[in-house]
Amino acid sequence: MDVKLRKLLDERTRKGLLRTLALPGTTTTTAQPGAQPPVLIDFSSNDYLGLSTTGVLESRLSILNDAAFAPASASASASHDLQRHPRIGSTGSRLLAGNSAAALDLERRLSTHYAAESALLFNSGYDANLSLFSALPQRSDLVLYDELIHASVHDGMRLRRFGKAASFRHNDVADVRSKVAAFLAAADGGGEGGSDGCVIVAVEAVYSMDGDTAPLVELAALAREHPGRVNLIVDEAHSTGIYGQAGVGLVAHLGVQDAVFARLHTFGKAMGVHGAVVVGSRTLTQFLTNYGRPLIYSTMMPFHSLQAIRASHDEVAERWSELQDSMSANIQLFRRLMQDLPAGATLLESHTPIQGVVLPGNERATRLARLLVERGLGVLPIRFPSVPRGTERLRICIHVHNSQAEIAVLARECIAAIRAVLDATPLAAPLPSARL
């Protein structure tokens, strides 16, 4: 078996597509005792609001944990002390021993925060999408998904037992309407499994590779035209925290939550921690508890993760306006400085932290990233097949914790590196201010 696997890895290496586990913010894939690898300026992580990087959650977590693990009174029995203290590990799946009062309390808080009837926690957004798209489609249903939807949705659909799946052109509402109308007409006419056939429309609020937003207002209007038949599921992984009052996401920011069947909010990006929650009706969360296999058969997240989610929501609820304003100013600065790109490169239209600089060709995108890394700038190439052929790019993430000086260096060095790649010439030595 090793021989077969090595052959596949060697082929990927030959194509320049081998993935390695580099240490965050560095150029190294190994950790040597006592070694200090070169640190890169972060323009690649999803820590958009800087909650993880800057350490602002530590004091909130400390306060929460001090209260949770406070010693019992001297008169309390040892068994009572064990019962009142939360467990470090969850000790099992949620349906066995892994549930807790802390988890239920957090779900109640999250359902209120995201203005939904009910909330259900998951270990990750990936697990949540596996559960949603493997369990929800029934025999007579159609999953209609944006052609650029996240890989976790594709994996969930592959695990489904029932229903059909089809894509629509990216952000093309007319294409969605056409395919919905055709399906409902066939279903009501006796085809496609009968008149109870439903359409599940799957989109991302903010797309993870392009940084553009879904046409949620128009899709919500479509869902309202067909109540119960057209069901909108919105993955808010990259919009949670960066849109809306208290970071509630793009759906609530636009005021269309009444027309959305399910929302997925993840906490490992702008919220700076880990985990995810699906919000929607109580029927939805009860159904996923009974049929969502990733939830049923996975160990529940530990108490510390619940506390971290609570702390991050406390922080964003208090500072959301300041954080979002700072992030927006940094994005505008970057886009202003990147206006004069050389012909052959394109800055994708995006007003979110995800900024894509398209330079077609895997080799070009890889070389461009390598040149910037050599100048101390932490950027990553996104290559085919992760993105369609001809749209290979740098995926640049702009953060609250990036200074204006760092962004200016990034823009200047990026333009110079693009010219060098297009001209296939060596890049001059970096200016002294290239490493900040």
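Conventions used here
- Residues numbered from 1 in each chain as written.
- Predicted model: local features only at pLDDT ≥ 70, side-chain atom pairs only at ≥ 80, totals over all residues.
- Heavy atoms only, no water.
- Helix = DSSP H or I, 4+ residues; strand = E, 2+ residues; numbered from the N terminus.
- Contact = heavy atoms within 4.5 Å.
- Core = buried A, V, L, I, M, F, W, Y, C linked by side-chain atoms within 4.5 Å.
- Buried < 20%, exposed > 50% of the residue type's maximum accessible area, 1.4 Å probe, protein only.
- Phe/Tyr/Trp six-rings, centres within 6.5 Å; stacked < 30°, edge-to-face > 60°.
- Pairing = 2+ DSSP bridges.
- Axes fitted to C-alpha atoms, helices over the stretch in contact; angles between N-to-C directions.
- Parallel < 35°, antiparallel > 145°, perpendicular 65-115°, else oblique.
- Left-handed = near helix turned anticlockwise from the far one by under 90°.
- Polar contact = N/O pair within 3.5 Å; in protein donor to acceptor, adjacent residues only side chain to side chain.
- pLDDT = per-residue confidence, 0-100.
- Arc of directions from axis to C-beta.
- Salt bridge = Lys/Arg side-chain N within 4 Å of Asp/Glu carboxyl O.

A. Molecular detail of the environment of Val277. Its location among the elements puts Val277 in strand S8 (residues 276-280). For the pair formed by Val277 and Leu121, sequence separation is 156 residues and the distance between their alpha carbons is 4.3 Å. Setting aside residues no more than four positions away along its own chain, Val277 makes contact with Leu110, Tyr114, Ala119, Leu120, Leu121, Arg263, Leu264, His265 and Phe267.

B. A look at the nonpolar core. Leu121 and Val203 are the most contacted members of the largest nonpolar core, which has 92 residues in total. Counting 21 residues, the second largest nonpolar core, distinct from the first, contains Phe122, Leu132, Ile233 and Leu264.

C. Molecular detail of the packing of aromatic side chains. Under the defined criterion, the tally for this structure stands at one aromatic pair. Plain terms: the ring middles of Phe287 and Tyr291 are 4.6 Å apart, the flat faces sit at 25° to each other, and that makes the pair stacked. Of this pair, Phe287 and Tyr291 are both found in helix H11 (residues 282-291), four residues apart, which corresponds to roughly one turn of the helix. Of the residues examined, Tyr291 reaches a relative accessible area of 52% and is grouped as exposed.

D. Looking closely at the sheet that holds strand S9 (residues 346-347). An order of S9-S10-S13-S12 is seen for the four strands of this open sheet, with the pairing classed as antiparallel. Either end of the sheet is taken by a strand with one partner, and the two such strands are S9 and strand S12 (380-382). Bridge analysis of S9 against strand S10 (residues 354-358) gives two bridges, and the strand direction is antiparallel. Bridge assignment links Thr346 to a residue of S10, and that residue is Val358. Along the sheet, helix H14 (residues 362-374) makes contact with S12 and strand S13 (393-397), crossing S13 at roughly 40°.

E. Main features of the pairing of strand S7 (residues 260-266). Extensive coverage of S7 is indicated by the burial of six of its seven residues. Sheet topology places strand S6 (residues 230-235) next to S7; four bridges connect them, and they run parallel. Looking at the pairing, Leu232 lines up with Val260 of S7. Strand direction decides the pairing type here: S7 and S8, joined by five bridges, are antiparallel. Within the sheet, the bridge partner assigned to Ala262 lies in S8 and is Gly280.

F. Layout of the packing of helix H5 (residues 101-113) against helix H13 (residues 303-337). Remark: H5 packs on H13, axes separated minimally by 10 Å, with the N-to-C direction vectors making an angle of 25°. When the interaxial angle is binned, H5 and H13 end up roughly parallel. As H5 runs across H13, the sense of the crossing is left-handed. The residues of H13 that touch H5, namely those facing Ala102, Ala103, Asp105, Leu106, Arg109, Leu110 and His113, are Phe303, Leu306, Ile309, Arg310, His313 and Asp314.

G. Highlighting the side chain of Asn402. Mapped onto the fold, Asn402 is located in the loop between S13 and helix H15 (404-423). Within the structure, the side chain of Asn402 is placed 3.0 Å from the backbone oxygen of Asp42, a separation counted as a polar contact. Sequence-distant contacts of Asn402, defined by excluding residues within four places in its chain, comprise Ile41, Asp42, Phe43, Asn330, Cys397 and Ile407.

H. Here's a closer look at the confidence of the model for the protein. Summing up the model confidence of the protein, the mean pLDDT is 90 and the portion of residues at 70 or higher is 89%. In the predicted structure, residues 431-436 sits below a pLDDT of 50 and forms 15 contacts with residues beyond four places in sequence or in another chain.

I. Region of the structure containing the sheet that holds strand S3 (residues 142-146). An order of S2-S8-S7-S6-S5-S3-S4 is seen for the seven strands of this open sheet, with the pairing classed as mixed. The sheet is open, and its two edges are formed by strand S2 (118-122) and strand S4 (164-168), each paired on a single side. Strand-to-strand twist in this sheet, taken as the mean axis angle between neighbours without regard to direction, amounts to 20°.

J. Just H11, in detail. When H11 is considered as a whole, its buried residues turn out to be Leu284, Thr285 and Leu288. Down the axis of H11, the sector holding all buried residues measures 95°, keeping them to one side. Exposed side of H11, more than 90 degrees from the buried face: Thr283, Gln286 and Tyr291 are the residues found there. Each element contacted by the buried residues of H11 is listed here: S2, helix H6 (125-135), S7 and S8.

K. Spotlight on the pattern of salt bridges. With the rule as written, the count across this model stands at 22 salt bridges. Note that Asp10 and Arg6 form a salt bridge whose closest N and O atoms lie 3.6 Å from each other. With a gap of four residues between them, Asp10 and Arg6 both fall in helix H1 (residues 2-14), about one helical turn apart. Residue Asp10 is classed as partly exposed on the basis of its relative accessible area of 41%. Put simply, Arg109 and Asp314 hold a salt bridge, and the shortest N to O gap is 2.7 Å. Of the two residues, Arg109 sits in helix H5 while Asp314 sits in helix H13, which places them 205 residues apart along the sequence. Given a relative accessible area of 24%, Arg109 falls into the partly exposed group. A residue is classified by how much of its surface remains accessible, and Asp314, at 24% relative accessible area, is partly exposed. Each of Arg60, Glu315, Glu318, Arg319 and Glu322 takes part in one network of salt bridges that share partners.

L. Region of interest: unusual backbone geometry. Cis peptide bonds are those with omega within 30 degrees of zero, and the linkage from Phe384 to Pro385 qualifies with 15°. Tracing the chain through its elements places Pro385 in the loop between S12 and S13. Phi angles above zero are rare outside glycine, and Ala115 is one such case at about 55°. Inspection of the secondary structure puts Ala115 in the loop between H5 and S2. Of the residues examined, Ala115 reaches a relative accessible area of 47% and is grouped as partly exposed. The backbone of Ala246 shows a phi angle near 60°, a positive value even though the residue is not glycine. Tracing the backbone shows Ala246 in the loop between S6 and helix H10 (250-254).

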